[in-house]
Amino acid sequence: MLAPTKQVNLRPRGNSWYTRVYVPEAVQHLIDGRKEITHTIVGAVDQKDARLKAEEFRLFQFQRFNRLLAHEAEPTRRVTELSDEDIIKLARMVYIDFRADSDAEIATFILSSPEAQETNSIIPEERDALLRELMQHFGLADGARLWTNRVLKDSKIDLPNTSASYTKLLTKVRFAINQAVLIFVNALADTPNRDVDATFVDMTSNEPLHPAHVGTYSADKRDFMLGPLIDEFLEEIKSQRGKKGQAKLCFTLDIARRHIGRTADIRNIARRDIISLRTLFSRIPKNMSKYYKGMPPATAADLRSSDHPVRSISTVNTDVRNIKQFLTWCSLRDESYRPPNLKNTKIIDPVEDIDKRDPFTQAELEVIFRSQQMRQAAQTDAIGYWAYCIAMYTCLRANEIASLAPTDIVSIDGIVGISLKIPPEINYRGGKTKTIPRLLPLPKDLQNLGLAKLAQSRNGERTLFADVKLASDGYFSRILTDWTTSLLTDLDIRRRDISFHSFRHTAKMMMEDADLHDRDIAYIGGWKLKDVMHKTYGKDRYPPNILTAINKIDYGEIGKLLRDIKK
């Protein structure tokens, strides 16, 4: 059986991605001698998502290669009529083959220079005229007959061209070709979802629908039982992404298994069932393991006290996305299964990303740093004190601070700074991290607190802060986030969306108030910005003027308070 032997081939271009699948030599003669198939990734939100879609596409192509080899060994089957389902299956096979050519053209367009793209792009008003011109140039009638005969031959089906089924198939193939050309025209006109035919295109992802094994599949019903499928899916995820990647899905899928039923047939799961599941996700208490320990999620949702908030909209949307990923995997595992249409099942979050964590007010910072807990942390050099100070002046994230080693506090050109690196455990485990390696000078206010002396006193230790340990989820920041939650509760700071991450927003607000250049703010905070990310990150020298910029961050009386509680 043919199987891929190399890593998936994924190439970026601007905000788009494309992948190439190399065709094994044994099957090249069955697809017109083609040596590779190029495919444009549609709707990927980031590189990780694009890679997942590329792997799914490659898996489907190799399944197709193996079917072609199996078909070649089978005798030709003489039939007089085809069922409607078989006709749709054959038409989808034509669409996928023809779409591969369109995707190759789209990838070429995406990889061209901005000038070439501007030259080849068309305005939406010219789209219909271009579509008619291309279809006339292609010769739809002759082309459809050619592809119809080809797909019948590839499928080892001998169907008379005088039969009614042949005429129906010919019509469906015409629609398939038209849809493939339409995809290309929509790419040029930037109208991706216009006139999409649900017979050939998944309305959720805009990806080609795979041809089902219609009329030839006779699997046991147990192959479609929800519980065993979830177990199999989680084991595959664990082998690919480790325990951490599996843990992100376990909670979601365990709820689905309880709510829908372990023995439920996934072929009977409809859109309304996923909506019902989403409703349950949105009713589960935020800290269920703390307040409702040992209870099933549905029970905890029913017994939730009004004092306990529910999980955030973004968390619920992540649950829904996990369900979609599982059902997509089921369709790749067995092509006879088609998941329900889950388009627009995401809950619209009324809170903009920038508002999901609020900065601390001056009054809240004063309460925090005048507290007995903070004074004690300062006297014992605990991470609680130092992490807050570092975050306020450098905009670092919780895990970036918690994973610092003594050797990460460096002196370059006589200036003390932090050499920020990707935490090795995160990188090794394949976990997601937003850290971008960069070199940050310490402002004078932070230098005067004695961070360099602390690093020298702990030289040779794994972490800069003795109370930090690697948590089971692969991150160092667990102790810091838990301590912050406890501290804010004890100090009765209960304003919505306040957490340790709020220090990052506080620092950004202070930099903006100090009129720092956008380029300097992006560098300090590790945000993507043109001419910053690739040209300055990861260098062994401070960027010009960055020390002057970072020294402009001034907390006034709060800065004096930080020094006073350390004495």
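Each remark here, short or long, concerns the structure printed above.
About the criteria used
- Residues numbered from 1 in each chain as written.
- Predicted model: local features only at pLDDT ≥ 70, side-chain atom pairs only at ≥ 80, totals over all residues.
- Heavy atoms only, no water.
- Salt bridge = Lys/Arg side-chain N within 4 Å of Asp/Glu carboxyl O.
- Helix = DSSP H or I, 4+ residues; strand = E, 2+ residues; numbered from the N terminus.
- Buried < 20%, exposed > 50% of the residue type's maximum accessible area, 1.4 Å probe, protein only.
- Pairing = 2+ DSSP bridges.
- Axes fitted to C-alpha atoms, helices over the stretch in contact; angles between N-to-C directions.
- Parallel < 35°, antiparallel > 145°, perpendicular 65-115°, else oblique.
- Contact = heavy atoms within 4.5 Å.
- Nonpolar A, V, L, I, M, F, W, Y, C, P; charged D, E, K, R; others polar.

S.K.: How do you make sense of the pattern of salt bridges when you look at a structure like this?
M.R.: Working definition: two side chains of opposite charge can pair if their charged atoms are close together. Summed over all chains, the structure comprises 17 salt bridges. Across the salt bridge formed by lysine 168 and aspartate 84, the nearest N and O atoms sit 4.0 Å from each other. Remark: aspartate 84 occurs in helix α3 (residues 84-111) and lysine 168 occurs in helix α7 (residues 164-189); sequence separation between them is 84 residues. With relative accessibility at 47%, the residue lysine 168 sits in the partly exposed group. Overall, the relative accessible area of 51% leaves aspartate 84 in the exposed class. For arginine 311, the salt bridge is made with aspartate 319, and the minimal N-O distance between the two is 2.7 Å.

S.K.: Explain the sheet that holds strand β8 (residues 438-441) to me, please; I cannot follow it from the model alone.
M.R.: With antiparallel pairing, three strands are arranged side by side in an open sheet as β6-β7-β8. Edge positions in the sheet fall to β6 (409-412) and β8, since each has one partner strand and no second. In this sheet, neighbouring strand axes are inclined to one another by 40 degrees on average, regardless of whether the strands run parallel or antiparallel. The pairing of β6 with strand β7 (residues 415-420) spans four bridges and is classified as antiparallel. Across the sheet, valine 410 pairs through a bridge with glycine 417, a residue of β7.

S.K.: I'm lost on the packing of helix α14 (residues 372-379) against helix α20 (residues 478-490) in this one. Help?
M.R.: When two helices pack together, you describe them by how their axes are tilted relative to each other and by the distance separating the axes. α20 packs onto α14 with a crossing angle of 140 degrees between their chain directions and a minimal axis gap of 10 Å. When the axis of α14 is compared with that of α20, the two are oblique. Residues Gln373, Met374 and Ala377 of α14 touch α20, and the partners they reach there are Trp483, Leu487 and Asp490. When the residues that make up the contact of α14 with α20 are grouped by side-chain class, the tally is four nonpolar, one polar and one charged.

Read these as layout, nothing more, since geometry by itself doesn't imply function.
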